[in-house]
Amino acid sequence: MVKFVDGLYYSESHEFVKVEGEYGYVGITDFAQDALGNVVYVDMPEEDDEFEAGEDFGAVESVKAASDLKCPVSGTVVEVNTDLEDAPDMINKDAFGSWIMKIKLSDASELDNLMDAKAYKEFCEK
């Protein structure tokens, strides 16, 4: 059963943003990890990298496919989840707990362009 978590922001390319103050934790959704299958590698950005909303920031590779990651909001990377280097399958076990990067949001109004859990669930069911 795929999970949809209230209180997060979702993109059409299946990334989520969990906002805490001026920061956002970005990762892939449970729907995305379920579709990918066993994740074997996560290509992550570097600290201090800057991204615009919609720009590629890395990739997730699984036994089935590789998928580019698109930044759902603009910002500067302040931290990456180094635990994923040795255990990329953490994404399969807990997609929403296994964020890929923490960014300092440069324009919080961009969150208005993303979906809430209900809208994202409806999007995935299409």
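Note that the structure is predicted; figures quoted are calculated from it, not measured.

A. Focus on the packing of aromatic side chains. Taken as a whole, this structure holds 7 aromatic pairs when the rule is applied. Centre to centre, the rings of Tyr120 and Phe123 are 6.4 Å apart; their planes meet at 25°, and the pair counts as stacked. Taken as a pair, Tyr120 and Phe123 lie in helix α4 (residues 117–125) at a separation of 3 residues, close to a single helical turn. In this arrangement the basic side chain of Lys102 is found over the ring face of Tyr23, its NZ or CZ atom lying 4.6 Å from the centre.

B. Geometry of a negative patch on the surface. Residues Glu46, Glu47, Asp48, Glu50, Glu52, Glu55 and Glu79 make up a contiguous surface patch of negative charge. Mapped onto the elements of the fold, Glu46 is located in the loop between β4 (39–43) and β5 (50–51). Here Glu46 falls in the exposed class, since its relative accessible area comes to 55%.

C. Unusual backbone geometry, seen in detail. Despite not being glycine, His14 shows a phi value in the positive range, around 75°. Its location among the elements puts His14 in the loop between β1 (9–10) and β2 (15–20). Assessed through its relative accessible area of 19%, His14 is described here as buried. Its identity is not glycine, yet Asp48 carries a phi of approximately 75°, on the positive side. With respect to the helices and strands, Asp48 occurs in the loop between β4 and β5. What makes Asp48 exposed here is its relative accessible area of 63%.

Parameters at a glance
- Residue indices begin from 1 for each chain and proceed along its sequence in written order.
- Given that the model is predicted, a residue must reach a pLDDT of at least 70 before its local features are reported, and side-chain atom pairs must reach 80 or more before they are shown or counted; all residues, however, enter totals for whole chains, interfaces and linings.
- For the side-chain quantities, the full set of heavy atoms in the structure was used; hydrogens and water were omitted.
- Ring pairs are drawn from Phe, Tyr and Trp, using the six-membered ring of Trp, whenever the two centres fall within 6.5 Å, and their geometry is named by plane angle: stacked under 30 degrees, edge-to-face over 60, tilted for the rest.
- Helical segments are the DSSP runs of H or I of at least four residues, strand segments are the runs of E of at least two, and each set is numbered from the N terminus.
- Over a ring means this: the NZ of a Lys or the CZ of an Arg is within 6 Å of the ring centre and within 35 degrees of the ring normal.
- Any residue with relative accessible area above 30% and no salt bridge may belong to a patch, with like charges joined within 9 Å and the nonpolar Val, Leu, Ile, Met, Phe, Trp and Tyr side chains within 5 Å.
- Surface exposure here means Shrake-Rupley accessible area, sampled with a 1.4 Å probe, where a residue is shielded only by the protein chains that are shown.
- Here, a salt bridge means any Lys or Arg side-chain nitrogen found within 4 Å of an Asp or Glu carboxyl oxygen.
- Positive charges come from Lys and Arg alone, negative charges from Asp and Glu alone, with His and the N- and C-terminal ends not counted.
- We put the charge of a Lys on NZ, of an Arg on CZ, of an Asp on CG and of a Glu on CD.
- Remark: exposure states derive from per-residue accessible area (1.4 Å probe, protein chains only) relative to the maximum for the residue type, with buried under 20%, exposed over 50%, and partly exposed in between.

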